[in-house]
Amino acid sequence: MHLTAPAARRTGIHDADGMAVASFVLGLLGLLVFNVFLGPTAIVLAALALWRGTRRRGRALLGLGLGVADLLVLLAFMQADGTISWSF
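Residues numbered from 1 in each chain as written. Predicted model: local features only at pLDDT ≥ 70, side-chain atom pairs only at ≥ 80, totals over all residues. Heavy atoms only, no water.

Student: Where do I start with the packing of aromatic side chains in this structure?
Tutor: How two aromatic rings sit relative to each other is given by the distance of their centres and the angle of their planes. The final tally for this structure, using the stated rule, is zero aromatic pairs. Over the aromatic face of phenylalanine 24 sits the side chain of arginine 59, whose NZ or CZ is 5.7 Å from the ring centroid. (Phe/Tyr/Trp six-rings, centres within 6.5 Å; stacked < 30°, edge-to-face > 60°. Lys NZ or Arg CZ within 6 Å of the ring centre and 35° of its normal.)

Here is the structure:
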């Protein structure tokens, strides 16, 4: 007879924490390069991390803010340059 219960797996929380950190890093990188791809990716990862209940809520919110900033930077440079991309 087996008397011990299986250990509860907490991979969902761990995955959400990883998504929060990834959204922050991608949002930060997106300010410099590939903001048209990294900005939306950071936003989606941050939203998923928050929805899954990450313990790194502040990091996810920073990733969300940086993702939005990526898109705003892209829009500002598109207005100034008249193209879809920008460079220094």
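Student: Would you take a moment to explain the pattern of salt bridges for this structure?
Tutor: Opposite charge on two side chains lets them pair, provided their charged atoms get close. Counting across every chain of the model gives one salt bridge. For arginine 55, the salt bridge goes to aspartate 17, with nearest N and O atoms at 2.8 Å. Within this pair, whereas arginine 55 is found in the loop between helix H2 (35–51) and helix H3 (57–81), its partner aspartate 17 is found in helix H1 (residues 11–30), the two being separated by 38 residues in sequence. Residue arginine 55 is classed as exposed on the basis of its relative accessible area, which comes to 65%. (Salt bridge = Lys/Arg side-chain N within 4 Å of Asp/Glu carboxyl O. Helix = DSSP H or I, 4+ residues; strand = E, 2+ residues; numbered from the N terminus. Buried < 20%, exposed > 50% of the residue type's maximum accessible area, 1.4 Å probe, protein only.)

Student: Looking at this structure, I do not really get the nonpolar core. What am I missing?
Tutor: Note on soluble globular proteins: their nonpolar side chains tend to be buried together. Listed in full, the five residues of the largest apolar core are Met19, Ala20, Leu45, Ala49 and Ala60. When residues of this core are traced back to their parent elements, those giving at least two are H1 and H2. Leave out the neighbours within four places in its chain, and leucine 45 touches Met19, Ala22, Ser23 and Leu26. (Core = buried A, V, L, I, M, F, W, Y, C linked by side-chain atoms within 4.5 Å. Contact = heavy atoms within 4.5 Å.)

Student: Can you help me understand H3 in this one?
Tutor: Residues separated by three or four positions in an α-helix point in the same direction, a consequence of the helix having 3.6 residues per turn. The end-to-end C-alpha distance of H3, which contains 25 residues, comes to 36 Å, matching closely the 36 Å that a straight helix rising 1.5 Å per residue would cover. Of all the positions in H3, only Ala60, Gly63, Leu66, Gly67, Asp70 and Leu74 are classed as buried. Immediately downstream of H3, the backbone of glycine 82 shows phi near 80°, a positive value. (Expected span 1.5 Å × (residues − 1).)

Student: What should I look at first to understand H2 in this one?
Tutor: In this model H2 runs 23 Å from its N-terminal to its C-terminal C-alpha over 17 residues, within 8% of the 24 Å that 1.5 Å per residue would give. Taken together, the buried positions of H2 are occupied by Asn35, Leu38, Gly39, Ala42, Leu45, Ala46 and Ala49. Taken end-on, H2 shows its buried residues confined to a sector of 140°, consistent with a single buried face. Exposed residues pointing more than 90 degrees away from the buried face of H2 are listed as Phe37 and Trp51. (Arc of directions from axis to C-beta.)

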